[in-house]
Each structure stands twice: as C-alpha cells, then as structure tokens.
Amino acid sequence: MEKVKVKIMGISCNHRKARNTAWLTLFALKAIEKFGRRISDIADIETEFIELRGKGKKISSRAVCDQVDGYYVNLEDDYVTRELMPKMAQADGFVFGSPVFTGAFTSKFIRLFERLRAGVKDGLFTDKPAGCAAVATMPMGGQDRTLEAMEICIRSVGMIPVHILCGCSGTSGVPYGPLPGDDDGTVIGVMKDRYSQWSSIQMARRVAEVAVMQKLAKRRLNKLHKGEFIQRYSLPF
C-alpha cells in the first residue's frame, strides 16, 4: 500500500520567545514525530513549528478583505493571510498553543483566527483535526477557560477539536517553576510538569491519528469524497 503524506503544524501564540508555551507545543510535535516512526509503513508524518513571537507587526489588526474570484481574501500585506495561511491550507492537522493572559488566550491567538476567517469560504480548514495547549503561571490559572475559548475559535473556522477533555493544560510557575516576580526568563517550568507533558502527548497523538485516518479514508473514497462530501462549511456570504 502506498504511504500517505501527512503534515501537522504546531503554532505557538506566545508573547515571549522560546518560553513555556513554545516548549510545550514543540513537545507535542515531538510526540507526533515519534508516533509517525511507529506507523512509517503506512504514513510519512511531517511536522512544522511556527512561533508567532516577532510576527506582531506583520499581522494586520483589521480584516481588510475583498472578493477575489468569488472568495474573500485579506488585501493587506498580512503575515497570516499572505505567508502562514498557504502553509496551513496544505497541512492536515494543527496543534495550537497559547499562554493564559488576563484569564484568556493571547492577542496573537485571536488575531490569528480573525485572519483565518478569510480562508473559511475556500474550505481551507474544513474538518482538519486540531488540539490546544494553554499554559498559566498557577495550576488553577485559567487554563480550562482558555482551552474552551480556543476550542470555540477552532470550530469557527471549520476545524474539528479532537483532544480529550479541554486539551493540554500546563503550569509554568509554582510548584514547577518560579513565582512571577522571581521569573528571570531562563526557567521553563513545564519541563517539570509531568501532567502537562502527558496531556500534550495525548492531545498530539489524537491530532495525528485522526489526520492519518482522514487521509487514508479520503484516498479510499477518491472521487466520491470530492463529489458528494461537503468541501467547505461557511455562512451564506
């Protein structure tokens, strides 16, 4: 049987470069790569990590869209719609990470999904599996609430949340890392948070497994999938 090619993207929406959320997102991708080696006889799984830190000035704060060939696209020189979205259109699944800021996801996360709305009418993300990871300073620092809100955003662009419970919950501070006032930017607390690592593996494996099964099913359905299955779900614009 010819192997299927599957690509999973991990996108970390953190403000601080290479910190806890980025580490946990990368940890999830490594779990996916390990799974890929175990099923290498039926699938080639590729991963890609993208950190939105440093891309802030390139992400438009406004949805300046117009119709092109019947579909809405962003007209500004915007990183998400011009550079990231084409990559995401070719991917088969996603892992999204966000720190908990003011009790919710970061501005980078919501701006990302506001831009992704431009691809909904093209069906760029229809039925693609996705999982979430949220990292807070404290064990009860708003991770569950943030993960639930992230899931709503995922559904809004046509993706399918596939993680168990709410997703992956991580703690960067006490008892695994420093208090906020003692944080010098060098300690990665989630490296000692075994629960966050376990939930990250569970979430990542689920994303990869569903993506592989979808790819195999679509190949088996062949023309029937494109002819009879809905390729995009969107509002009647």
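These numbers come from a predicted model, not from an experiment.

Thresholds, definitions, all that
Residues numbered from 1 in each chain as written. Predicted model: local features only at pLDDT ≥ 70, side-chain atom pairs only at ≥ 80, totals over all residues. Heavy atoms only, no water. Axes fitted to C-alpha atoms, helices over the stretch in contact; angles between N-to-C directions. Helix = DSSP H or I, 4+ residues; strand = E, 2+ residues; numbered from the N terminus. Parallel < 35°, antiparallel > 145°, perpendicular 65-115°, else oblique. Contact = heavy atoms within 4.5 Å. Nonpolar A, V, L, I, M, F, W, Y, C, P; charged D, E, K, R; others polar. Phe/Tyr/Trp six-rings, centres within 6.5 Å; stacked < 30°, edge-to-face > 60°. Buried < 20%, exposed > 50% of the residue type's maximum accessible area, 1.4 Å probe, protein only. Core = buried A, V, L, I, M, F, W, Y, C linked by side-chain atoms within 4.5 Å. Polar contact = N/O pair within 3.5 Å; in protein donor to acceptor, adjacent residues only side chain to side chain. Expected span 1.5 Å × (residues − 1). Arc of directions from axis to C-beta.

**Looking at the packing of helix α2 (residues 79–90) against helix α3 (residues 107–116)**
Piece 1. At their nearest, the axes of α2 and α3 sit 10 Å apart, and the two run at 80 degrees to each other. One element, α2, and the other, α3, form an angle in the roughly perpendicular class. Taken together, the residues of α3 that come into contact with α2 (itself represented by Val80, Thr81, Leu84, Met85 and Met88) are Leu112, Arg115 and Leu116.
Piece 2. For the contact of α2 with α3, a count of residues per class yields six nonpolar, one polar and one charged.

**A short note on the packing of aromatic side chains**
What characterises a pair of aromatic rings is the spacing of the ring centres plus the angle enclosed by the ring planes.
Piece 1. Across all of its chains, the model carries seven aromatic pairs by this definition.
Piece 2. Between the aromatic rings of Phe105 and Phe109, the centroid separation amounts to 5.0 Å while the plane-to-plane angle is 40 degrees, which identifies the pairing as tilted.
Piece 3. The buried category is assigned to Phe105, whose relative accessible area is 18%.
Piece 4. Feature note: the residues Phe94, Phe96, Phe105, Phe109 and Phe113 constitute an aromatic cluster, connected by ring pairs.

**Concerning unusual backbone geometry**
Negative phi is the rule for most residues except glycine; trans is the rule for most peptide bonds.
Piece 1. Residue Pro175 is reached from Val174 by a cis peptide bond, and omega for that bond is 10 degrees.
Piece 2. Mapped onto the elements, Pro175 comes out in the loop between β8 (168–171) and α5 (194–221).
Piece 3. Phi angles above zero are rare outside glycine, and Ala18 is one such case at about 55 degrees.
Piece 4. If you trace the backbone, Ala18 turns up in the loop between β1 (4–12) and α1 (20–38).
Piece 5. Phi at Asn222 is positive, roughly 55 degrees, even though this residue is not glycine.

**Points about the nonpolar core**
Taken as a class, soluble globular proteins show a tendency for nonpolar side chains to be buried jointly.
Piece 1. Among the nonpolar cores identified, the biggest contains 33 residues, and Leu84, Met88, Phe96, Leu112, Phe113, Leu116 and Met159 are the most heavily contacted of them.
Piece 2. Of all elements in the fold, only β1, α2, β5 (93–99), α3, β6 (129–136) and α4 (143–156) reach the threshold of two or more residues within this core.
Piece 3. The element best represented in this core is α2, accounting for five residues.

**Here's the deal with the side chain of Asn14**
Piece 1. Looking at where Asn14 falls in the secondary structure, it is placed in the loop between β1 and α1.
Piece 2. Among the residues examined, Asn14 registers a relative accessible area of 3% and is labelled buried.
Piece 3. A distance of 2.2 Å separates the side chain of Asn14 from the side chain of Ser12, its partner in a polar contact.
Piece 4. At a separation of 2.6 Å, a polar atom in the side chain of Asn14 contacts the main-chain carbonyl oxygen of Arg16.
Piece 5. Discounting chain neighbours no more than four positions away, the residues touching Asn14 are Thr21, Ala22, Glu51, Arg53, Pro99 and Lys108.

**Here's the deal with α2**
Piece 1. With twelve residues, α2 should cover 16 Å at 1.5 Å per step; its first-to-last C-alpha distance of 16 Å lies within 8% of that length.
Piece 2. All of the buried residues in α2 are Tyr79, Val80, Thr81, Leu84, Met85 and Met88. All buried residues of α2 project into a common sector of 130 degrees when viewed along the axis, lining one side.

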